[in-house]
Structures are given as C-alpha cells and as structure tokens.
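The residues making up each chain are set out below.
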Amino acid sequence: TDKSRSLFVSFPAIFPDPDQMAKDPVRVLVTGAAGQIGYALVPMIARGIMLGADQPVILHMLDIPPAAEALNGVKMELIDAAFPLLKGVFELSNRLRFFPVTGVVATTDAVEGCTGVNVAVMVGGFPRKEGMERKDVMSKNVSIYKSQAAALEKHAAPNCKVLVVANPANTNALILKEFAPSIPEKNITCLTRLDHNRALGQVSERLSVPVSDVKNVIIWGNHSSTQYPDVNHATVKTSSGEKPVRELVKNDEWLNGEFITTVQQRGAAIIKARKLSSALSAASSACDHIRDWVLGTPEGTFVSMGVYSDGSYNVPSGLIYSFPVTCRNGEWSIVQGKHFFLKSKHNKMFLRTRECSDVWCCLLFTGLPIDEVSRKKMDLTAEELKEEKDLAYSCLS
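Residues numbered from 1 in each chain as written. Predicted model: local features only at pLDDT ≥ 70, side-chain atom pairs only at ≥ 80, totals over all residues. Heavy atoms only, no water.

Q: Can you walk me through the overall build of the protein chain in this structure?
A: A count of helical and extended segments in the protein chain gives 13 helices and 19 strands. Considering only contacts in the protein chain between residues 6 or more positions apart, those separated by 24 or more positions represent 68%. Carbon and sulfur atoms form 54% of the exposed surface of the protein chain, whose accessible area is close to 20,500 Å². (Helix = DSSP H or I, 4+ residues; strand = E, 2+ residues; numbered from the N terminus. Contact = heavy atoms within 4.5 Å. Areas by Shrake-Rupley, 256 points an atom, 1.4 Å probe, with all protein chains shown as cover.)

Structure (structure tokens):
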C-alpha cells in the first residue's frame, strides 16, 4: 500500500546503511587491566587519546582470576563514565535488524580476551619481588608470554599490532614473537616511549621551553638502566628556527652525565617517591606509541620504539632493541641517514665537492652519525639484551 511504501522509504533514515555509518570500531586488548597502569590506561583509550577522537573502540580487558572482582569494578566505572567512543556499537545481523554489542569486554579467559583484537597492549606480567633471583622472574614471564602469544596467534585479528609494556619488556616481546609466528615481526614492539618522553621532559625543564618544542631525542637499546638516552640529534624550536639541544644547553657535562642517569633511573625515583611504580606516565606513553604507529609521526620528527632489529646501526639481529623510528600508513621504519657520494665508472669514491669529468651521484643509507661514546653505550645495552635473550631461552628449555 502507499502507507507501507511510505514506511519503507523512511526506513533508511532510522537505520542508516552500514556503508554510511561512522568508522568501524577498533578492538583494543589491555592485559593486566585491573592493575595500576591498566586502570590509568583504559580511560585514555576510551577518551580517544590512543586512536583519535573520532575512532570508536571496543575495550578487551584481561586479567588473572584473582583480579576478576577488581576487573569488573573497572568495567563498571567505564560504563559509568559514559565515554561516547564506548557507547554501544552495532553489528548488522541482516538488512532489517541491528543488535547492540557492548563496548567493554572484561574477562579472565585469554581466548575471549584476544578474540578479534586489532591492537594488543600487554601490561600484565610478573614483577620481581624481594629475594627473587633474576632467572625466577624471567621464568615466570616467559611462561606468561608464551601462553598469551598462543592466544593472540590463534584468535587476534590479522595484522594485529602488539605493544609489550610489562618488564622485561624487550625480552617479553621477543618471547611473544617466537610463539606467535603468524603475527608479522614488525607488528611486535615494546615500550621505550616512556623513556623517550622522560628525556624530552628533562631537556624541556633544563631549557625552560615547552616540551612540544623539543624533538628527536633517541632511546637506544633496552628498557632498563643500561638504555642510552641520546640528544646528539635532538633539536629545539626557537624564534630563529630549530637549534641543536647541545648548542642550547651548553653543558656537555650535564648532558653526558646527570641527564642520562636521571632518565635511566627515573622509574626507581618514582617508586621511591610514590611507593608505587610509574602508572600515569606509562599509560600516557603507551597511547603515544600506538597513536604515532597507527596515525603517523609528524614530518621531520622521529620517536623511540623497541622493535625487531634488522642489523641497522650494527645492532645484532634477533633482538628487540629501541631505535629511532618514523611511522607512516601504520608502519614504522628505522631512521636512516642519507649520505651523497660521487662515484666514477672505475668504482672510485669522491667527496661531493671533488671535481671529476665522469662521475654520477650515489645515495647511500648508512644511518645517523654515531660517535665513539654513543657506540660504546649502544653496544653495552645490546650486550645486556643478548644476555636476557639467552636467559629466557634457557627457561624455555
């Protein structure tokens, strides 16, 4: 009838075509979600700090059974906060009916927690307790990450991006990579952005400039006290353009000494002051890490990420090591310096300014320049990572 025809015509206005709806939700897993960092992190994700203010999310919160009650409390708070990005999303069952799906999954079951996730932030781990041997802690974490890797391997969405936060973060990420072989190695990373941000903060405080004006510090190596915070390529925005940090600080003794140790030992200093580990800053840094990875780094800016070494900067392959990276189209790339040479047909190299009648230009990617002091510090932290790797593999066997 005309009446029924009129109702049918108005139907799409009530139930819009899925192709015209907002962005599809992204499923984000947070392990250890009832803990300190998890409690700080999940509202940041729900507010859009990690993936953008227009990106709906479905939070998957996973924790151990003894934390189930606390985990449910976190879920209740998320619902009570009425985050718009966590409002009920809708899956199309057929062309005429929509069924609401909750924006929060809280579970102690790894399979349920990992199913369909696009981003996994691995906060849960076993902390070192007083009187524990290093190998005992490593053995506990190897067991945890082997198990969670298996769940991600079988149930996560294709191309899932993984960020390991729990310490020892680099080696936990390496174990996860070994037991989730279908996840591309470039998709498994660890958090050194916290150290990177700490370095930015120290330079900002020293120069009394906004932290947003400081860029391109580097954290090399392990997320531990052997990490190397490097300002040799860092700059600060000034009224007369970008200036090197060393030029503005004018105090190499501070940059080569107190600055480095402050960043290396900042976590311990916070524990001493709060009697608790870094939570707010770790959560914020995790958001920074994923946001830049997914949405891209600004032009001319690089950040620090723990990634699988390809041998760049003579860092041994097979380690998860912190490098300077840029991100574009959801992919990271280790920063490589560009050096121009003039090359003759006889395969002889010339300086760029040298005149020669029969030469052509060659572009070589050889990495950022590294001085002797930096080289030693980079090798030292790589050596620690090799020792951790050997210890982890001994726990497996």
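Q: I tried to follow unusual backbone geometry on my own but got confused; where do I start?
A: A cis amide bond links N167 with the next residue in sequence, P168, at an omega value of -5 degrees. In this structure, P168 sits in the loop between β7 (161-164) and α6 (169-178). Of note in this structure, N159 is not a glycine but carries a positive phi near 65 degrees. Mapped onto the fold, N159 is located in the loop between α5 (134-155) and β7. Even without being glycine, K275 reaches a positive phi, approximately 65 degrees. Structurally, the position occupied by K275 is in the loop between α11 (266-274) and α12 (280-295).

Q: Where do I start with empty space enclosed by the protein in this structure?
A: Using a probe with the size of a water molecule, rolled over the atoms, empty space left in the structure can be pinpointed. Using the criterion set out here, one finds one cavity of 30 Å³ or more in the structure. Each pocket or cavity is described by its volume, and for the largest cavity that value is around 30 Å³. Residue lining of the largest cavity: N170, T171, L174, L319, I320, L385 and K389, and that is the complete set. Of all the secondary-structure elements, those providing two or more residues to the lining of the largest cavity are α6 and α13 (372-396). Here the lining of the largest cavity takes three residues from α6, the largest share from any one element. (1 Å grid on protein atoms, 1.4 Å probe; cavity = no way out; pocket = protein on both sides within 12 Å on 5 of 7 lines; lining within 4 Å. Points joined across faces, edges and corners; volume = space filled by probe spheres on them.)

Q: What's the story with α6 in this structure? I'm lost.
A: Every α-helical turn comprises 3.6 residues, leaving residues that sit three or four positions apart pointing alike. Counting buried positions along α6 gives nine out of ten residues, so the element sits mostly inside the fold. The set of residues buried in α6 consists of A169, N170, T171, N172, A173, L174, I175, L176 and K177. (Buried < 20%, exposed > 50% of the residue type's maximum accessible area, 1.4 Å probe, protein only.)

Q: Explain the nonpolar core to me, please; I cannot follow it from the model alone.
A: The tendency in soluble globular proteins is for nonpolar side chains to be buried side by side. Core analysis: the largest hydrophobic core is formed by 73 residues, its most contacted members being V28, L41, M50, L59, L78, F259 and F323. Sort the elements by how many residues they give to this core and helix α2 (residues 36-46) lands first, with seven residues. In contact with F259, other than residues within four places in its own chain, are A199, Q202, V203, P229, V231 and W254. Within the second largest apolar cluster, 30 residues are counted, among which are A120, Y145, V162 and V164. (Core = buried A, V, L, I, M, F, W, Y, C linked by side-chain atoms within 4.5 Å.)

Q: How should the pattern of salt bridges be read in this particular structure?
A: Should the charged atoms of two oppositely charged side chains come close, the side chains can pair. As enumerated under the stated definition, the model contains twelve salt bridges in all. In this structure, the salt-bridge partner of K215 is E242, at a minimum N-O distance of 2.9 Å. Taken together, the positions of K215 in strand β9 (residues 214-215) and E242 in strand β13 (residues 241-244) put the pair 27 residues apart, joining distant regions of the chain. What makes K215 buried here is its relative accessible area of 16%. Where D379 meets R375, a salt bridge forms, and the shortest distance between an N and an O atom there is 3.1 Å. With a gap of four residues between them, D379 and R375 both fall in helix α13, about one helical turn apart. A residue is classified by how much of its surface remains accessible, and D379, at 37% relative accessible area, is partly exposed. (Salt bridge = Lys/Arg side-chain N within 4 Å of Asp/Glu carboxyl O.)

Q: How should I be thinking about the sheet that holds strand β12 (residues 235-238) in this particular structure?
A: Paired through their backbone hydrogen bonds, the strands of a sheet run either parallel or antiparallel. Ordered by their spatial adjacency, three strands build an open sheet running β9-β12-β13, and the pairing between neighbours is antiparallel. Since the sheet does not close on itself, it has two edges, and those belong to β9 and β13, each with one partner. With two bridges joining them, β9 and β12 adopt antiparallel strand pairing. What sits directly across from V214, in β12, is V236. (Pairing = 2+ DSSP bridges.)

Q: Teacher, can you tell me more about the packing of aromatic side chains here?
A: Centre distance and the angle of the planes are the two values used to describe a pair of aromatic rings. Enumeration over the complete set of coordinates arrives at five aromatic pairs. With 5.0 Å between their ring centres and 65 degrees between their planes, W220 and Y313 make a pair best called edge-to-face. Remark: Y313 occurs in the loop between β14 (303-308) and β15 (320-328) and W220 occurs in strand β10 (residues 218-220); sequence separation between them is 93 residues. Of the two residues examined, W220 and Y313, each falls in the buried class. Judged by centre distance (5.0 Å) and plane angle (50 degrees), the rings of Y321 and F323 are tilted. For the residue pair Y321 and F323, the accessibility class agrees, reading buried in each case. Across the ring face of Y308, the terminal group of K177 is positioned such that the distance to the ring centre comes to 4.6 Å. One Lys or Arg, K186, reaches over the ring of W332 and ends 4.3 Å from the middle of that ring. (Phe/Tyr/Trp six-rings, centres within 6.5 Å; stacked < 30°, edge-to-face > 60°. Lys NZ or Arg CZ within 6 Å of the ring centre and 35° of its normal.)

Q: Sorry, what's going on with the side chain of N187 here?
A: Residue placement: N187 occurs in the loop between α6 and β8 (188-190). A relative accessible area of 3% places N187 in the buried class. Polar side-chain contacts of N187 include one of 3.1 Å to the backbone oxygen of C160. Every residue in contact with N187, bar those within four places of it in the chain, is listed here: N159, C160, K161, V162 and W293. (Polar contact = N/O pair within 3.5 Å; in protein donor to acceptor, adjacent residues only side chain to side chain.)

Taken by themselves, the reported measurements are silent on function.
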